[in-house]
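# Coordinate analysis (summary)
Spelled out from the first residue to the last, the chains are:
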Amino acid sequence: MADDARIPAPERAAFYDRIGAHSMAPLWESLHVLVSKQPVTPVKPHLWSYDQVRPYLMEAGGLITAKEAERRVLILENPGLPGKASVTHSLYAGLQLVLPGEVAPGHRHTQTALRFILEGCDAFTAVDGERTLMRPGDLVITPSWTWHDHGNDSDRPMVWLDALDIPLVGFFDASFAEAANADSQEVSRPLGDSTARYASNLLPVDWKPATQNSPIFNYPYARTREALTTLAANGDPDPHHGYKMRYVNPASGGHVTPTISAFVQLLPQGFASAPYRSTDGTVYSVVEGEGRTVVGGQTLSWKPRDVFVVPSWAEHVHHATSEAVLFSFSDRSAQEKLGLWRERRAA
Ligand code: GTQ
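Model, not experiment: these values are computed from the prediction. (Residues numbered from 1 in each chain as written. Predicted model: local features only at pLDDT ≥ 70, side-chain atom pairs only at ≥ 80, totals over all residues. Heavy atoms only, no water.)

## Re empty space enclosed by the protein
- Across all of its chains, the model carries 1 cavity of 30 Å³ or more by this definition.
- In this structure, the largest cavity occupies an estimated 140 Å³ of space.
- Lining the largest cavity are 17 residues, and of these Lys 244, Tyr 276, Ser 278, Thr 282 and Tyr 284 lie nearest its centre.
- Across the lining of the largest cavity, the residue classes tally to 6 nonpolar, 8 polar and 3 charged. (1 Å grid on protein atoms, 1.4 Å probe; cavity = no way out; pocket = protein on both sides within 12 Å on 5 of 7 lines; lining within 4 Å. Points joined across faces, edges and corners; volume = space filled by probe spheres on them. Nonpolar A, V, L, I, M, F, W, Y, C, P; charged D, E, K, R; others polar.)

## A closer look at unusual backbone geometry
- Backbone geometry places Glu 70, a non-glycine residue, at a positive phi of 70°.
- Relative accessible area serves as the criterion here: at 36%, Glu 70 is assigned to the partly exposed category.
- With phi around 75°, Asp 122 is a residue other than glycine that occupies positive phi space.
- Looking at the element boundaries, Asp 122 is found in the loop between β5 (113-119) and β6 (123-127).
- By relative accessible area, Asp 122 is classed as partly exposed at 27%. (Buried < 20%, exposed > 50% of the residue type's maximum accessible area, 1.4 Å probe, protein only. Helix = DSSP H or I, 4+ residues; strand = E, 2+ residues; numbered from the N terminus.)

## Section: the environment of Gly 61
- Along the polypeptide, Gly 61 turns up in helix α3 (residues 50-63).
- In contact with Gly 61, other than residues within four places in its own chain, are Arg 72, Leu 97 and Leu 99. (Contact = heavy atoms within 4.5 Å.)

## A short note on the layout of surface pockets
- In this model, the largest pocket occupies a volume close to 1200 Å³.
- Lining the largest pocket are 40 residues, with Thr 279, Ser 312, Asp 331, Gln 335 and Leu 340 sitting closest to its centre.
- Per-class residue counts for the lining of the largest pocket are 19 nonpolar, 15 polar and 6 charged.
- Considering only enclosed or pocket space, the second largest pocket measures out at about 510 Å³ in volume.
- Along the wall of the second largest pocket there are 19 residues; nearest its centre are Ile 216, Tyr 219, Arg 223, Thr 224 and Val 248.

## Remarks on the sheet that holds strand β14 (residues 261-267)
- Pairing in this open sheet of 6 strands is antiparallel, and the strands run β1-β19-β16-β21-β14-β13 from one edge to the other. The open sheet terminates on both sides in strands that have one partner only, identified here as β1 (46-48) and β13 (243-246). Looking at each pair of strands side by side, their axes are set apart by 20° on average, direction ignored.
- In this sheet, strand β21 (residues 324-330) lies alongside strand β16 (residues 282-288) in antiparallel orientation, the contact comprising 6 bridges. Paired with Tyr 284 across the bridge in β21 is Ser 328. (Pairing = 2+ DSSP bridges. Axes fitted to C-alpha atoms, helices over the stretch in contact; angles between N-to-C directions.)

## Some points on the sheet that holds strand β3 (residues 92-98)
- The 6 strands lie next to each other as β2-β3-β10-β5-β8-β12, forming an open sheet whose pairing is antiparallel. Each edge of the open sheet carries a strand with a single partner, namely β2 (73-75) and β12 (218-219).
- As paired strands, β2 and β3 are joined by 3 bridges and run antiparallel to one another. Its bridge partner being in β3, Leu 74 is matched across the sheet by Leu 95.

## Some thoughts on the pairing of strand β10 (residues 158-164)
- The element β10 is largely enclosed, with a buried count of 7 among its 7 residues.
- Alternating residues of β10 divide into Met 158, Trp 160, Asp 162 and Leu 164 and Val 159, Leu 161 and Ala 163, and every residue in both groups is buried.
- Of the pairings in the sheet, the one linking β3 to β10 comprises 7 bridges and is antiparallel in character. Bridge assignment links Ala 93 to a residue of β10, and that residue is Ala 163.
- Two strands pair when backbone bridges link them, and β5 and β10 are joined in this way by 6 bridges, in the antiparallel orientation. In the strand pairing of β10, Arg 115 is matched with Asp 162.

## Points about the nonpolar core
- Membership of the largest hydrophobic core comes to 42 residues, with the highest contact counts inside it found for Leu 114, Leu 139, Leu 161, Tyr 247 and Phe 329.
- Residue contacts for Leu 161: discarding those within four places in its chain leaves Leu 76, Ala 93, Gly 94, Leu 95, Leu 114, Arg 115, Phe 116, Leu 118, Ser 285, Val 307 and Phe 329.
- In this structure, Val 295, Leu 300, Ala 314 and Ala 320 belong to the second largest nonpolar core, which totals 14 residues. (Core = buried A, V, L, I, M, F, W, Y, C linked by side-chain atoms within 4.5 Å.)

## Some points on the pattern of salt bridges
- Summed over all chains, the structure comprises 16 salt bridges.
- Salt-bridge contacts for Asp 122 lead to Arg 135; the nearest nitrogen and oxygen are separated by 2.8 Å. On the criterion of sequence distance, the pair formed by Asp 122 in the loop between β5 and β6 and Arg 135 in the loop between β7 (130-134) and β8 (139-142) is long-range, its members being 13 residues apart.
- One salt bridge in this structure joins Arg 225 and Glu 288, with 2.8 Å as the shortest N-O distance. One end of the pair, Arg 225, is in helix α7 (residues 221-234); the other, Glu 288, is in strand β16, and 63 residues separate them in sequence.
- In this structure Glu 288 comes out as partly exposed when scored by relative accessible area, which is 25%.
- Members of the salt-bridge network, linked through shared partners, are Glu 130, Arg 189, Asp 193 and Arg 197. (Salt bridge = Lys/Arg side-chain N within 4 Å of Asp/Glu carboxyl O.)

## As for a nonpolar patch on the surface
- Taken together, Leu 27, Leu 31, Leu 34 and Val 35 make up a surface patch of nonpolar side chains, about 380 Å² in accessible area.
- Mapped onto the fold, Val 35 is located in the loop between α2 (31-34) and β1. (Patch = residues over 30% accessible without salt bridge, like charges linked within 9 Å, V, L, I, M, F, W, Y side chains within 5 Å. Areas by Shrake-Rupley, 256 points an atom, 1.4 Å probe, with all protein chains shown as cover.)

## Remarks on the environment of Pro 45
- Mapped onto the secondary structure, Pro 45 falls in the loop between α2 and β1.
- Beyond its immediate sequence surroundings of up to four residues, Pro 45 is in contact with Val 295, Gln 298, Leu 300, Val 309 and Pro 311.

Next up, the structure:
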């Protein structure tokens, strides 16, 4: 019986106390909690309204510089995981602010990061000697152990959603980090170099990938949107996803990083998705449009730049009031490698 509240008989309780003193415990008291019939998660559905969050982020901008903070970020912490700096059990999310003229100094770590740009234009992220300018809706990746720094040479604040596998790396006790010698790394390749090399449906003839990360480090929204627009004009939406695409590593056909996957979907105006669930707890960032997502008995109403979470195995439906574009990320990439990922589509 998986009954947490069951009080063991006195002779059993005494036995548990005696073995407890030797760092042992009876499996039969917790077997069905440890090995549940289906996913059980403390992660809660939750939405952060950008209108509510933005003033706090700007207030943080007056309290500490990006340089002093190293990364000036407000962590989006799942209310079901207080104190854990986690948006889902495996992933971390935060909103990062870089003000005009500021730098977020160079460092590297074994954690993988994705950035999804919410506000501002043309601040840069540099990865291993190359800069990319960031615009709203762009997806920028900074793979594990790559040197990266950010800087804002524009005249407007730049805000993006950070997604990192901090909890996952912590689970494996595999965190390493180093600070760079200089705030901003030396640029060794011009803007657009990696786009030409890796993001033009071509790859350098003798190039062999050294990692499981995509060699593309900026997936610009202009091209993403063009693809979605064309797809929506050319066929019917998937009943569960609308027009949903996966960001791809062109070297392998796999996900953009070994641990974090990224997706983008267009929902036509008035579209209501059929109920869907999957084992990858997912974080959404609204790019365009308005609507609501009903998950676990809660209704999350969203509009552009809002961020919301759908927990693992929580059945959910999306309703788009106007044509909408949702970006999302999850640990599906890691789960697929481990043979764990599952989905269920209801009619
Ligand atoms: O930009 O490198 O939100 O190292 C958390 C940790 C961002 C970053 C975060 C990080 C970064």
